[in-house]
Structures are given as C-alpha cells and as structure tokens.
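Each chain is listed here by its residues.
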Amino acid sequence: MADDQQFLTDIQSDNADVRFAAWRRAGEVSPAVIPQLGKQAGAGDPGKAKAAREALTTMTHSVGKDPASPNRAAVVKGLLELAGPGSPNPVRVHAIRMLSNIAPEDAAPAVAAWIQTPELAEEVTFCLERMPGNAPIKSLLAAYKNVKDEFKPRILAALGHRRAKEGVSLCVEAMRSPNRDIAVAAVKAFGRIGVKPAAAPKYPDTKGMTEWQRIDQQDSLLRYADAQAREGNAAEAIAVYKSVLSSPEEHWQCAAVIGLAKAGTAEAAALILPKLKSDDPKVRITAQNAWKSMAQTKA
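Model, not experiment: these values are computed from the prediction.

Trainee: Help me understand the packing of aromatic side chains in this model?
Mentor: Pairs of aromatic rings are described using the distance from one ring centre to the other and the angle between the two planes. Counted according to the given criterion, the structure contains three aromatic pairs. Pairing phenylalanine 190 with tyrosine 224 gives two aromatic rings, centres 4.5 Å apart and planes at 35 degrees, and the pair type is tilted. Here the residue phenylalanine 190 occupies a position in helix α12 (residues 180-193), and tyrosine 224 occupies one in helix α13 (residues 211-230), the gap between them amounting to 34 residues. With respect to burial, phenylalanine 190 and tyrosine 224 carry one shared label: buried. Three or more aromatic residues joined by ring pairs form one cluster here, namely Phe190, Tyr203 and Tyr224. For lysine 152, the ring lying beneath its charged end belongs to tyrosine 144, and the centroid distance is 5.1 Å.

Spelled out as structure tokens, the structure:
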C-alpha cells in the first residue's frame, strides 16, 4: 500500500508533473484519502482541483475492475459521502458520476434522494440507470411522481434503457399525457421495454407532433412489435405491423412488410399480398422479397 500522506502531499503539489504522477497511482492508496480529495476537488486552484478529480476517477476504476476488491465498499462509502449536501455541486456531480460505475443496489435510495436537486438530477438518473438490481428501478418509478414535467422524459428514457418491465404501466399512463414530450418519451420507453401491458395502450395522436416525434413514435411501435414477435406473440406483433403498413411513407411500409414476413403466419401473408402490386417500386420489391423468404421458410 502506498504512503497516504506522501500521496496527499504530492496531489497538492504546485508542480503539475508531481500531481499527475500522484493521480496516476491513486488506485494504490487507501480510500481514507477520499474526504481530503473531495475538499481539494472543490478548491479554487483549477490544476489542483483537476488532480483531485482525476485521483477519484483512478480510485474508482481501480476497484471497478474487480468486484471483489477489498477497497470497493470503502470507495463507494467515500463517494456517497462526497455526493452528499456537504460538498459543492461540482464535486457532488463528479462523485455521483463515479458511483454510476461501482455503486451496489443497496445504494439506490441514498442516490435517489438527490434527484430533486436540479444540478444533480441528470447525474442521479444516469447513476440509477446503470446500477444493478431492482432497487434503482423502484427509485426511478418513485421519483417520477415528484419531478417536474420537463424532467419526466429523462426518467422514462432511463426505464426504457433498463428495459424495466416494472415501468410498462407508467409508460402506458404517460402516453396519455397532454404534454407531447412526455407522451412521446413514454412511447419510446414502451417500445424499448417491449412487454405487453395488461390493457391495450392508447398511443398519442400524431397530429401536432414534429416530424422527429412522429418518427420516434413509429420506430418505437416497430421495436415493440419486434419484441412481441420474438416472444412468440404473433397476433400482437401483426396488429402493430398492420397499423404501420397503412403509413403513406414507403420506408415505414417496407419495415412493416419485413416484420410481417418474419411473423410468417397466414394473416401476415394476407397483409403482404396487396403490396406485391404496390405502385411504389421500393415497397413492391420489398414485398416480393419478403414473399419469397416466406415461401422458402415454408419449404
């Protein structure tokens, strides 16, 4: 184990090369130095503050490489203390960012408690999004009720990235929001999760949406249909592909045809059949290729 006092002396040195060498070996020192590094990271000297932040990063990566590292729990504890209200916001942000790499499931409530601080909300959500287990998901679901509307799409995105089936009911509810940003974010999360809800969802009306919002919604519906097809729920998948097939845009029609071909049922074939004579050459060729692939699969 490196000499902690010498490390602290070096990390506070006026010589940039000495500071650099110190932060590079920070993984060898005791987690007991974390409080001092936190103070330095919030100090006025930019070079010394950077050295302290980099040292914290090195320590995090050092224990992150090995879940069985004897220092891992102590580093987590030290970072949680730095992330608390006793530190300046820039230090808290950095500590939470480091926790996103190594924090265990049981740290979720402590991290989630800071989501109401606007300067920390993004880092807290990202951290919960990356943490293992169900506790972070429960924390995200609980936080959604209390955050401002402008931040709700970010929490929905986190649930989607986690593919959290526990978030399906919230997504279905949020799709009905009069706030279009929330409604579209809910559809995107729903598509990523890909789990069928208890009752048929009511998708947001595309009238008044921006072009990108309409694209996001259609893409999300196809994600959901693909997930249902993979789960063997052909009827649910085909119902979505059918709705997308009626889109005027050729690329959506083509995507729906490809999905229907993968479903491979008689109903899917019946939906593809009219597209074999489509006036749009891209749709027609896609349908013809899909038809051939279905025939080969049957053979």
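Okay, back to it.
Trainee: How do you make sense of empty space enclosed by the protein when you look at a structure like this?
Mentor: The gaps left among the atoms become clear once a water-sized probe is rolled over them. A full pass over the atoms with the stated rule returns one cavity of 30 Å³ or more. A volume near 40 Å³ is recorded for the largest cavity. As for the largest cavity, its lining consists of Ala26, Gly27, Val29, Pro31, Met59, Ser62, Val63, Asn71 and Val75. For the lining of the largest cavity, the class distribution of residues is six nonpolar, three polar and no charged.

Trainee: Can you help me understand unusual backbone geometry in this one?
Mentor: Most peptide bonds adopt trans geometry, and most residues besides glycine take a negative phi value. A positive phi angle, near 50 degrees, is found at arginine 163, a position not held by glycine. With respect to the helices and strands, arginine 163 occurs in the loop between α10 (152-162) and α11 (168-174). With relative accessibility at 46%, the residue arginine 163 sits in the partly exposed group.

Trainee: How should I be thinking about helix α6 (residues 89-102) in this particular structure?
Mentor: Quick reminder: α-helices carry 3.6 residues per turn. Residues three or four places apart thus point the same way. For α6, spanning 14 residues, the distance from its first C-alpha to its last is 20 Å, which sits close to the expected 20 Å at 1.5 Å a residue. The buried fraction of α6 amounts to 10 of the 14 residues, a majority that puts the element mostly inside the structure. Of all the residues in α6, the buried ones are Val91, Arg92, Val93, His94, Ala95, Ile96, Met98, Leu99, Ser100 and Ile102. Where α6 is buried, its residues touch α3 (34-41), α4 (46-64), α5 (72-82) and α8 (121-130).

About the criteria used
- Residues numbered from 1 in each chain as written.
- Predicted model: local features only at pLDDT ≥ 70, side-chain atom pairs only at ≥ 80, totals over all residues.
- Heavy atoms only, no water.
- Phe/Tyr/Trp six-rings, centres within 6.5 Å; stacked < 30°, edge-to-face > 60°.
- Helix = DSSP H or I, 4+ residues; strand = E, 2+ residues; numbered from the N terminus.
- Buried < 20%, exposed > 50% of the residue type's maximum accessible area, 1.4 Å probe, protein only.
- Lys NZ or Arg CZ within 6 Å of the ring centre and 35° of its normal.
- 1 Å grid on protein atoms, 1.4 Å probe; cavity = no way out; pocket = protein on both sides within 12 Å on 5 of 7 lines; lining within 4 Å.
- Points joined across faces, edges and corners; volume = space filled by probe spheres on them.
- Nonpolar A, V, L, I, M, F, W, Y, C, P; charged D, E, K, R; others polar.
- Expected span 1.5 Å × (residues − 1).
- Contact = heavy atoms within 4.5 Å.

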